[in-house]
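Fold and geometry: a report
What follows is each chain in one-letter form.
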Amino acid sequence: MASNRPLVFVDLDDTLFQTARKMGSEDRHVATLDVHGNPNGYMRNTQKAFAEWLLASTDVVPVTARSIEAYSRVSLPFTCGAICSHGGAMLRPDRRLDSDWHAQMREKLGNYQGRLHDLSRRTLEIGEQLGISLRGWVVEEEGLATYVVTKHNEQTDEVLKRVLAEVQSRNLLQGLYIHGNGNNLAFIPNELSKRAAVLEWLRRDKALHGERPVIGFGDSISDLGFMGECHWWGTPQKGQLADLVWGSLK
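In this report, the structure presented in the accompanying data block is examined. (Residues numbered from 1 in each chain as written. Predicted model: local features only at pLDDT ≥ 70, side-chain atom pairs only at ≥ 80, totals over all residues. Heavy atoms only, no water.)

**Observations regarding the packing of helix α4 (residues 113-130) against helix α5 (residues 159-169)**
- Closest axis-to-axis distance for the α4/α5 pair is 10 Å, and the angle between their directions is 120°. It follows that α4 is oblique to α5 by the angle criterion. Crossing handedness for the pair α4 and α5: right-handed. Contact with α4, carried on its side by L119, T123, I126 and L130, involves R162, V163, E166 and V167 of α5 and no other residues of that element. (Axes fitted to C-alpha atoms, helices over the stretch in contact; angles between N-to-C directions. Helix = DSSP H or I, 4+ residues; strand = E, 2+ residues; numbered from the N terminus. Parallel < 35°, antiparallel > 145°, perpendicular 65-115°, else oblique. Left-handed = near helix turned anticlockwise from the far one by under 90°. Contact = heavy atoms within 4.5 Å.)

**Examining a nonpolar patch on the surface**
- Judged by side-chain polarity, I221, L224, W233 and L244 come together as a nonpolar surface patch covering roughly 370 Å² of accessible area.
- Locating I221 in the fold gives a position in the loop between β11 (214-217) and α7 (224-227). (Patch = residues over 30% accessible without salt bridge, like charges linked within 9 Å, V, L, I, M, F, W, Y side chains within 5 Å. Areas by Shrake-Rupley, 256 points an atom, 1.4 Å probe, with all protein chains shown as cover. Salt bridge = Lys/Arg side-chain N within 4 Å of Asp/Glu carboxyl O.)

**Brief notes about the packing of aromatic side chains**
- Applying the stated criterion to the full structure yields three aromatic pairs.
- Residues Y71 and F78 carry aromatic rings whose centres are separated by 6.4 Å and whose planes lie at 20° to one another, so their mutual orientation is stacked.
- Using a relative accessible area of 2% as the deciding quantity, one classes Y71 as buried.
- Taken together through their ring pairs, the aromatic side chains of F50, W53 and F217 make up a single cluster.
- The cationic tip of R28 hangs over the ring face of Y42; the distance from NZ or CZ to the ring centre is 5.6 Å. (Phe/Tyr/Trp six-rings, centres within 6.5 Å; stacked < 30°, edge-to-face > 60°. Buried < 20%, exposed > 50% of the residue type's maximum accessible area, 1.4 Å probe, protein only. Lys NZ or Arg CZ within 6 Å of the ring centre and 35° of its normal.)

**As for helix α3 (residues 99-109)**
- Those residues of α3 that sit buried are W101, H102, M105 and L109. Down the axis of α3, the smallest arc covering the buried residues is 100°, so these residues share one side. Seen from the buried face of α3, the exposed residues on the opposite side, beyond 90 degrees, are S99, D100 and E107.
- As for α3, its buried residues are in contact with β6 (89-91), α4, β7 (134-141), β8 (144-152), β10 (185-189) and α6 (194-209). (Arc of directions from axis to C-beta.)

**Observations concerning the pattern of salt bridges**
- Applying the stated criterion to the full structure yields 21 salt bridges.
- In this structure, R66 and D13 form a salt bridge, with 2.7 Å as the shortest nitrogen-oxygen distance. One end of the pair, R66, is in the loop between β4 (59-62) and α2 (68-71); the other, D13, is in the loop between β1 (7-10) and β2 (29-33), and 53 residues separate them in sequence.
- Accessibility expressed as a relative area gives 13% for R66, which makes it buried.
- Since its relative accessible area comes to 29%, D13 is described here as partly exposed.
- The salt bridge involving R73 is made with E69; its shortest N-O contact spans 2.8 Å.
- A single salt-bridge network, built from bridges that share partners, covers R5, D59, D205 and R212.

**A few points about the side chain of R66**
- At 2.9 Å, the side chain of R66 and the backbone oxygen of A70 are in polar contact.
- If near-sequence neighbours (up to four positions away) are discounted, R66 is found in contact with L12, D13, F17, T32, Y71, V74, C84 and S85. (Polar contact = N/O pair within 3.5 Å; in protein donor to acceptor, adjacent residues only side chain to side chain.)

**Regarding the sheet that holds strand β12 (residues 232-234)**
- Strand order in the open sheet made by the four strands is β4-β1-β11-β12, with parallel pairing throughout. Whereas interior strands pair on both sides, the edge strands pair on one side only; in this sheet they are β4 and β12. Recorded for the sheet is a direction-independent mean angle of 20° between the axes of neighbouring strands.
- Strand direction decides the pairing type here: β11 and β12, joined by three bridges, are parallel. By the bridge assignment, F217 is partnered in β12 with G234. (Pairing = 2+ DSSP bridges.)

Here it is as structure tokens:
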């Protein structure tokens, strides 16, 4: 059945919830669990109210860097499907992998499969050479390598800038773009993006529902790609995008 409810694409981490280290003493509402079933992501009161309003009033599609597995540990009751792994995977409303999109990703990312694993290994080696404790992995969906993620272990986010500078100096990132925000450094093939997945979602949605209002929310500069395809967009008061906007006004 066609719907004229607004369609909302929303980033998750640092938009609807965040880790405890990014919060003060305010009330916390559990939003995500770690692999052991322990809480590791929390909503503020305002975030909880905002998420509840979105879910009651709009058709909400999460657009996240989280893998399908990590997305499965988000407790918010999304029902319209999701875009995961920086656009590398789509989930249908029943949370099953969208096979058509997965086939497209297999074709586009075929040449990156061995390279992404090698890049992850070499990035961790660089951290060891610099005396920086890192952890990292390749995000995979149904055996398809999508992108590389690297995090530091209980140091400051600034150390990832040193790691990135060294990776770049060794010319390891041809054909890849960089997403960095807090304790998260990702190397992503140019063929993979949240924007491309959102464009495909919009194409399908228009065929089903016609023209309807589309709104985007995200906190990172990398979210601007998909947010720019929306009629309106917004960003949290504090975050990478907000810092960019306020910094330009000083």
